[in-house]
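# Chain and residue survey
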Amino acid sequence: MARKKIIAGNWKMNMTPTEAVALVEELKPLVVNNNVDVVFCVPAIDIIPAMKAAEGTNINIGAENMYFEEKGAFTGEISSNMLVDAGVKYVIIGHSERREYFAETDETVNKKVLKAFEHGLTPIICCGESLTQREQGITIDWIRQQIKIAFLNVTADQAKTAVIAYEPIWAIGTGKVATTEQAQEVCAAIRVCIAEIYDAATAEAIRIQYGGSVSASSAPELFAQPDIDGGLVGGASLKPDFGKIVNYEG
Ligand code: PGA
């Protein structure tokens, strides 16, 4: 069975609750496409108002992060239970900005992934290499390590429902999109890695996005690749362009 594409916006630290409602209102007629799953991952404080604004549409409101503990003395953190209660289904885990600025590691990513699954959330698990790593020719080794740690103790049934976002760090927010060949090569390698950890059926089922300066013009070719099942979109998800990305088939 063909994998359904999943196109997710990552709003990062943008949009007040008032602005979030206005943006959902603006984008909702533009992102209609029942052939793809459409997700807006928004700042935690925007989740509930964005969800109200998106009611009755094909937009899923997701989160940008969560903590791996259930509850308690973790000032400032948000639990998977809280997300579930708010109606969230998708949560980005281990974005490279979380790793760089908030000390997240492959180990904390794994803990978060396990906790997300425990509560029925679908994690969008991020991986990606730096420019130095690419130049040193260790991209695939690096990504394989990130994937293997992220999926420690995750069952095959859980893995089948996961989303992986391959985001080369050098392509994020730089306007420097990976070439279609580079993106496809790594996404294919991720699928091979999943097949090695689990089996062919799991590798066939799991959805792998490309992220990093995706635009309305680069999306059609990227999303047409056999191992690229959609995108994780930062900058362009805050603009009407996101409608064009969601409707990349024209
Ligand atoms: P960008 O961000 O599309 O602005 O490069 C992508 C991301 O960080 O998910």
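Throughout this description, residue numbers start from 1 for each chain and increase along the sequence as written. Selection of residues for local features in this predicted model requires a pLDDT of at least 70, selection of side-chain atom pairs for listing and counting requires 80 or more, and totals for whole chains, interfaces and linings are taken over all residues. The side-chain quantities take in all heavy atoms of the structure and omit both hydrogens and water.

Moving on: the site of the ligand. Near residues are defined by distance, with any heavy atom within 4 Å of the molecule or strand qualifying the residue. Taken together, the neighbourhood of the ligand is formed by 13 residues, with Lys12, His95, Glu167, Gly173 and Ser213 sitting nearest. A distance of 2.7 Å separates an oxygen atom of the ligand from a polar atom in the side chain of Lys12. The term polar contact refers here to a pair of N or O atoms within 3.5 Å; inside protein, the definition further demands a hydrogen-donor-capable atom paired with an acceptor-capable atom, and it admits residues adjacent in sequence only when both atoms are side-chain atoms. Between Glu167 and the ligand, the recorded distance is 2.6 Å, taken from a side-chain N or O atom to an oxygen atom. Only the protein chains shown count as cover for residues, and the accessible areas themselves come from Shrake-Rupley with a 1.4 Å probe. Look at the ligand: alone it shows 280 Å² of surface, and the protein chains cover 95% of it. In the cavity and pocket records, a cavity denotes points on a 1 Å grid over the protein atoms alone where a 1.4 Å probe fits but cannot get out, a pocket denotes an open set with protein on both sides within 12 Å along at least 5 of 7 lines, and lining residues are residues with an atom within 4 Å of a point. For this analysis, a molecule is said to be in a pocket or cavity if more than half of its atoms are within 2 Å of the grid points defining it. Judged by its atoms lying within 2 Å of the grid points, the ligand is housed in the second largest pocket. Across the shell around the ligand, the residue classes break down as four nonpolar, seven polar and two charged. Amino acid classes used here: Ala, Val, Leu, Ile, Met, Phe, Trp, Tyr, Cys and Pro are nonpolar; Asp, Glu, Lys and Arg are charged; the rest, including Gly, are polar.

Let's shift gears to the packing of helix H7 (residues 139–150) against helix H9 (residues 180–197). As a rule, the C-alpha atoms of each element are fitted with a line to give its axis, helices using only the stretch in contact, and angles between N-to-C directions run from 0 to 180 degrees. We count a stretch as a helix when DSSP gives it H or I for four or more residues in a row; a strand needs E for two or more, and each element gets its number in order from the N terminus. Contact geometry for H7 and H9: axes closest at 10 Å, N-to-C directions at 45°. Comparing the axis directions of H7 and H9 gives the class oblique. The two elements H7 and H9 meet at a crossing, and its hand is right-handed. Mapping the contact onto sequence places Thr139, Ile140, Ile143, Arg144, Ile147 and Lys148 in H7 and Glu185, Val186, Ala189, Ile190, Cys193, Ile194, Glu196 and Ile197 in H9. Looking at the contact of H7 with H9 residue by residue, the classes come out as nine nonpolar, one polar and four charged. For this classification, under 35 degrees means roughly parallel, over 145 means roughly antiparallel, 65 to 115 means roughly perpendicular, and everything else is oblique. Should the near helix be turned anticlockwise from the far one by less than a right angle, the crossing is left-handed, and should it be turned clockwise, the crossing is right-handed. In this description, contact between two residues means that some pair of their heavy atoms is separated by no more than 4.5 Å.

This part covers the environment of Ile140. Within the element layout of this structure, Ile140 appears in helix H7. The classification of residues rests on relative accessible area computed with a 1.4 Å probe and restricted to protein chains. Under 20% of the type maximum is buried, over 50% is exposed, and intermediate values are partly exposed. Residue classification places Ile140 among the partly exposed positions, given a relative accessible area of 27%. Separated by 45 residues in the primary sequence, Ile140 and Glu185 place their C-alpha atoms 9.0 Å from one another. Those residues within four positions of Ile140 in sequence are excluded, and the remaining contacts are Glu185, Val186 and Ala189.

On to the layout of surface pockets. For the largest pocket, the calculated volume is near 540 Å³. In this structure, the largest pocket is lined by 19 residues; those nearest its centre are Lys12, Glu64, Asn65, Arg98 and Phe102. The residue inventory of the lining of the largest pocket, partitioned by class, reads ten nonpolar, four polar and five charged. Grid points are joined across faces, edges and corners, and a volume is the space filled by probe spheres set on the points. Its volume calculated, the second largest pocket comes out at about 230 Å³. Contributing to the lining of the second largest pocket are 20 residues, with Ser213, Val214, Gly234, Gly235 and Ala236 lying nearest its centre. A per-class count over the lining of the second largest pocket returns five nonpolar, eleven polar and four charged.

A separate point is the pairing of strand E7 (residues 207–211). Counting buried positions along E7 yields five of five residues, so the element is predominantly enclosed. Side chains of E7 alternate between two faces, with Arg207, Gln209 and Gly211 and Ile208 and Tyr210 buried alike. At least two DSSP bridges between two strands are needed for those strands to be called paired. Across four bridges, strand E6 (residues 163–166) lies against E7 in parallel orientation. Residue pairing in the sheet places Tyr166 in a bridge with Tyr210 of E7. With two bridges joining them, E7 and strand E8 (residues 230–233) adopt parallel strand pairing. Note that in E8 the partner of Gly211 across the bridge is Leu232.

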